[in-house]
Amino acid sequence: MLQAISLVRDLGRLQHVAGILIRYGFGDMVRRLGMANTLEKAGHALHWHEAESLAHLEVPARVRRALEDMGPTFIKLGQVLATRVDLFDAAWIAEFSRLQDDAPTVPWEEIHAQLIIDLGAAPEEIFAWINSQPLAAASIAQVHQARLEDGTEIIVKVRRPGIRPAIEADLRWLMRLADLVENDMSELRAFRPREVVRQLTQSLRRELDFASECRSAERIAKNFVDFTDAQSTAIKVGAGDTASNGNDAQIMPPPLIVIPRVYWQWTGERVCVQEFIDGLSGRDLAAVDRAGLDRKVLARRGAHAVLKMIVDDGFFHADPHPGNVFYLPGNRIAFIDFGMVGRLTDERRDQLIRLLLGLVQHDARRVSDVLLDWTGNSALDEEALLLEIDTFVDQYHGVPVKQLRLDQMLGEIAAMLRQHRLTLPADLALLIKAFITLEGMGRELDPDFDMAGEAMPMLEKAMRKRYSPRAIVKRGWQSVSDTLALVADLPQDISRLLRVARRGRLEVHIDVTHLKRVGNQLDRAISRLVVGIVVAALIVGSSIVMTVSGGPSLFGLPFFGLLGFVGATVGGLWLLLSIRKSGHMDLE
């Protein structure tokens with residue numbers, strides 16, 4: 001089954017992955033995917049006896065540990081799967097979210113050699129100081145703290161040497177595995193392996209390009225230049241943030257939302273240089289309390305910031321977990337690590353606003369309309385889905401907005417989609433996961449955090465803006481322009497169609513799902529039928545030969561008759577083994 005994977009360059013990695021799967025109790029999957037056959041034919045031994053005793057662990061935990069052992073590509077795969085709340089239930093999402101992206105450090109000599117190539121000079125010649133001991137080390141990059149000549153503290157993020165070829169090899173055969181799983185393992189088809197691997201490929205390639213990550217950071221920084229929130233008017237400019245010009249005039253306060261500055265003169269695909277954020281980690285809430293920061297203000301301000309990115313800008317930090325957030329004096333917030341970002345079209349934002357307003361305002365019809373738009377034309381029992389959505393929304397009827405849990409409501413919607421075997425587009429799955437993470441962070445900071453209450457004013461403002469007279473006229477004019485362009489191009493399109501038809505080159509393509517797989521199954525069935533007929537003919541012919549006297553003999557029996565029976569036995573055994581291997585042998 002894995003003939004396409006049997007390239008020499010990928011066999012070593014394939015053996016490593018197969019060994020990990022066997023160790024964590026997934027040997028059956030290795031066999032079913034044909035990985036064992038391919039490796040054994042290539043002379044690679046698999047140690048089936050090394051399987052660990054992990055019966056005390058649930059399957060999601062074993063999968064998570066296996067992904068961690070497989071390396072950066074699979075850790076990223078788990079992080080992508082953590083966003084697919086439409087495919088996995090809460091237990092799986094919780095395990096995928098626990099994936100740690102820690103890795104052994106790369107020796108400074110290797111990092112130093114790569115920095116000389118990327119910076120054009122030794123880092124000691126460019127920076128006033130650089131720490132040879134890493135500040136952090138992950139599977140894709142390593143971070144070192146440094147200082148500029150003017151005293152500015154910075155970080156130098158360096159891509160691990162040789163990581164791209166390894167990741168590209170993993171992605172290459174992961175896509176082939178996804179094809180095999182989707183074609184031959186019907187119980188896993190609902191998890192959309194091809195779509196997940198495509199999402200993983202896009203995400204990883206963006207994350208490998210640090211220049212792309214920095215462009216995303218700058219885009220978000222520009223969107224926050226004039227950011228204010230309801231709390232900003234209550235925060236006075238402190239002594240450390242003021243200056244006197246002789247008239248006791250106040251200078252502008254520092255920004256409420258901080259995005260690290262990028263130093264483009266040293267930033268490229270494999271290295272990025274950014275401002276060092278000296279703040280309190282979002283994971284260390286005890287330090288937040290010791291610093292005297294206001295948790296309620298931080299929760300509200302963080303919610304406003306992420307909602308602005310989603311609702312107003314359509315370009316958002318897709319992984320706002322505590323490790324990517326720092327808290328600064330003055331209850332300011334800094335976001336880092338923009339390797340995973342989400343993008344929303346105007347249409348998507350409109351749908352999101354209608355969905356969230358429908359949830360908060362208990363409008364079942366609005367919720368169902370948006371979900372049906374999102375899931376496309378998939379075959380489903382629409383009446384059953386509508387009834388389930390209506391029941392779901394009705395259970396929150398009369399519940400005050402302050403008591404609504406958006407993360408819980410979105411989770412229940414995702415569960416409904418899974419039950420009806422419906423999947424969301426990747427951008428929306430990413431968005432829902434960001435919402436769930438955001439509300440979780442808000443409630444960690446402030447147990448009384450009201451996500452629905454914070455979101456309502458922004459959603460209503462966005463809805464009013466969308467349906468303002470100016471916006472309606474603009475959309476109407478755009479529709480008229482598109483229609484006129486279509487009508488103007490119609491004669492040319494018809495002429496082109498007729499010209500192709502006159503030349504006899506008009507083709508109609510019909511794509512029948514799984515037709516190739518059905519053809520392969522028919523081919524195997526016919527091969528077995530032919531072997532069965534040959535075996536039957538050998539048995540009949542040999543029986544006749546046994547009754548004929550004369551000719552060579554063996555053990556007192558006619559030699560050719562005996563030879564026919566041996567051939568029939570071999571053919572029959574092959575036939576039985578083939579049927580058993582296919583998994584369709586039923587002797588009951």
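Structural data are supplied above this passage.
What you see is a predicted model; the values in this text were computed from it and never measured.

Draft legend 1. Layout of empty space enclosed by the protein. The full count for this structure, using the stated rule, is 3 cavities of 30 Å³ or more. Approximately 110 Å³ is the volume found for the largest cavity. Elements that contribute at least two residues to the lining of the largest cavity include exactly helix H13 (295–313), strand S9 (325–328), strand S10 (332–335) and helix H18 (426–445). Looking at the lining of the largest cavity, the element that brings in the most residues is H13, giving 5 residues. The class makeup of the residues in the lining of the largest cavity is 12 nonpolar, 2 polar and no charged.

Draft legend 2. Local environment of the side chain of Lys157. Inspection of the secondary structure assignment puts Lys157 in strand S4 (residues 153–159). Classification of Lys157 by relative accessible area gives buried; the value is 13%. Separated by 3.1 Å, the side chains of Lys157 and Glu213 make a polar contact. Setting aside residues up to four positions removed in sequence, Lys157 forms contacts with Ala141, Gln142, Val143, Phe210, Glu213, Arg270, Val271, Cys272 and Asp337.

Draft legend 3. Quick look at unusual backbone geometry. Positive phi, close to 60°, is recorded for Asn331, a residue that is not glycine. Along the chain, the position of Asn331 falls in the loop between S9 and S10. With relative accessibility at 14%, the residue Asn331 sits in the buried group. The phi dihedral of Asp337 is positive, around 60°, even though this residue is not glycine. Structurally, Asp337 can be placed in the loop between S10 and strand S11 (341–343). Take Asp337: its relative accessible area is 33%, and that puts it in the partly exposed class.

Criteria and thresholds
- Residues numbered from 1 in each chain as written.
- Predicted model: local features only at pLDDT ≥ 70, side-chain atom pairs only at ≥ 80, totals over all residues.
- Heavy atoms only, no water.
- 1 Å grid on protein atoms, 1.4 Å probe; cavity = no way out; pocket = protein on both sides within 12 Å on 5 of 7 lines; lining within 4 Å.
- Points joined across faces, edges and corners; volume = space filled by probe spheres on them.
- Helix = DSSP H or I, 4+ residues; strand = E, 2+ residues; numbered from the N terminus.
- Nonpolar A, V, L, I, M, F, W, Y, C, P; charged D, E, K, R; others polar.
- Buried < 20%, exposed > 50% of the residue type's maximum accessible area, 1.4 Å probe, protein only.
- Polar contact = N/O pair within 3.5 Å; in protein donor to acceptor, adjacent residues only side chain to side chain.
- Contact = heavy atoms within 4.5 Å.

Geometric descriptors of this kind do not, in isolation, establish any biological role.
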